[in-house]
Amino acid sequence: MDVIAAIHGRRSVRSYEPRPVARDLIESVILDAAQAPPPFRGQNPLAFNVVQGVARIAAFGKRAMDYTRDHRPDGSGWDWLDRPGFKIFWDAPVVVIISGPVGDCNRAGQNLMLSAHARGLGTCWVGSPMLWLSAPEVRTELQIPSDLTPVAVLCLGYPAGVPEPVDRERPRISWGDEA
């Protein structure tokens, strides 16, 4: 798939077929994600944790919702907790957690989404489980390395439906050389 077509064609998928994704396909997508350049030559500051199984992931989603309700910080941005029928992991058969430095995880996450799209898989980057993932007991249970911070959480699977493209506003561009 052409990279420009992938950039413009990829959508956040929030509806997945329940069928599992083959382990070698998940590994291929992760290896593509790991091609994101590290900050210095020879470093690999990332870790990828894979959770599989629709029922297991849905149970984690419920735990994450309950934990967040009980530990919700003051302020805005938590309205998703009150949405009827909201699912953190959208019934995905696979969740990939990327841990490490923020910039590196973001680059790897983008690569993962594009690789998955090119291979016929859907993804959705989810932020709602982050408070739950910060709990030491959850990090231990999911085997997230203690020296790394979970930054990116992506649902992965075969899309049951793909949203239509949305017209986006043109971004502001400042060239810096205009007076």
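Preceding block: the structure.
Structural notes, computed from the coordinates. Keep in mind that this is a model prediction, so the values were computed, not measured.

### Focus: the overall build of the protein chain
- Counting secondary structure elements, the protein chain contains six helices and four strands.
- Ordering the α and β elements of the protein chain from the N terminus gives α-α-β-α-β-α-β-α-α-β.
- Its C-alpha atoms give the protein chain a radius of gyration of 17 Å, near enough to 16 Å, the size a compact globule of 179 residues would have.
- Along the first, second and third principal axes, the C-alpha set of the protein chain runs to 50 × 40 × 40 Å.
- Every one of the 179 residues in the protein chain was classed for burial, and the buried ones make up 40%.

### Concerning the packing of aromatic side chains
- Per the counting criterion, the structure on display carries four aromatic pairs.
- Centre to centre, the rings of Phe60 and Trp132 are 5.6 Å apart; their planes meet at 45 degrees, and the pair counts as tilted. On the criterion of sequence distance, the pair formed by Phe60 in helix 3 (residues 54-71) and Trp132 in helix 5 (residues 130-133) is long-range, its members being 72 residues apart.
- Phe60 gets classed as buried once you look at its relative accessible area, which sits at 7%.
- The interplanar angle of 45 degrees and the centroid separation of 6.2 Å between the aromatic rings of Trp78 and Trp80 together place this pair among those described as tilted. For the pair Trp78 and Trp80, a shared accessibility class is recorded, and that class is buried.
- Through pairs of rings, three or more aromatic residues link up here, namely Trp78, Trp80, Phe86 and Trp90.
- Positioned above the aromatic ring of Tyr158 is the side chain of Arg19, whose terminal nitrogen or guanidinium carbon lies 3.6 Å from the ring centre.

### Quick notes on a nonpolar patch on the surface
- On the surface, Val3, Ile4 and Ile7 cluster together into a nonpolar patch covering about 270 Å² of accessible area.
- Mapping Ile4 onto the fold places it in helix 1 (residues 3-9).

### Regarding the packing of helix 2 (residues 23-33) against helix 4 (residues 102-118)
- Between helix 2 and helix 4, whose axes approach to 7 Å, the crossing angle comes to 135 degrees. With respect to their mutual orientation, helix 2 and helix 4 come out oblique. Once helix 2 is placed against helix 4, the crossing between them reads as right-handed. The residues of helix 4 that touch helix 2, namely those facing Ser28, Val29, Ile30, Asp32 and Ala33, are Ala108, Asn111, Leu112, Ser115 and Ala116.
- Among the residues making up the contact of helix 2 with helix 4, the classes are represented as six nonpolar, three polar and one charged.

Rules used in this analysis
- Residues numbered from 1 in each chain as written.
- Predicted model: local features only at pLDDT ≥ 70, side-chain atom pairs only at ≥ 80, totals over all residues.
- Heavy atoms only, no water.
- Helix = DSSP H or I, 4+ residues; strand = E, 2+ residues; numbered from the N terminus.
- Rg over C-alpha atoms; globule rule 2.2 N^0.38 Å.
- Buried < 20%, exposed > 50% of the residue type's maximum accessible area, 1.4 Å probe, protein only.
- Phe/Tyr/Trp six-rings, centres within 6.5 Å; stacked < 30°, edge-to-face > 60°.
- Lys NZ or Arg CZ within 6 Å of the ring centre and 35° of its normal.
- Patch = residues over 30% accessible without salt bridge, like charges linked within 9 Å, V, L, I, M, F, W, Y side chains within 5 Å.
- Areas by Shrake-Rupley, 256 points an atom, 1.4 Å probe, with all protein chains shown as cover.
- Salt bridge = Lys/Arg side-chain N within 4 Å of Asp/Glu carboxyl O.
- Axes fitted to C-alpha atoms, helices over the stretch in contact; angles between N-to-C directions.
- Parallel < 35°, antiparallel > 145°, perpendicular 65-115°, else oblique.
- Left-handed = near helix turned anticlockwise from the far one by under 90°.
- Contact = heavy atoms within 4.5 Å.
- Nonpolar A, V, L, I, M, F, W, Y, C, P; charged D, E, K, R; others polar.

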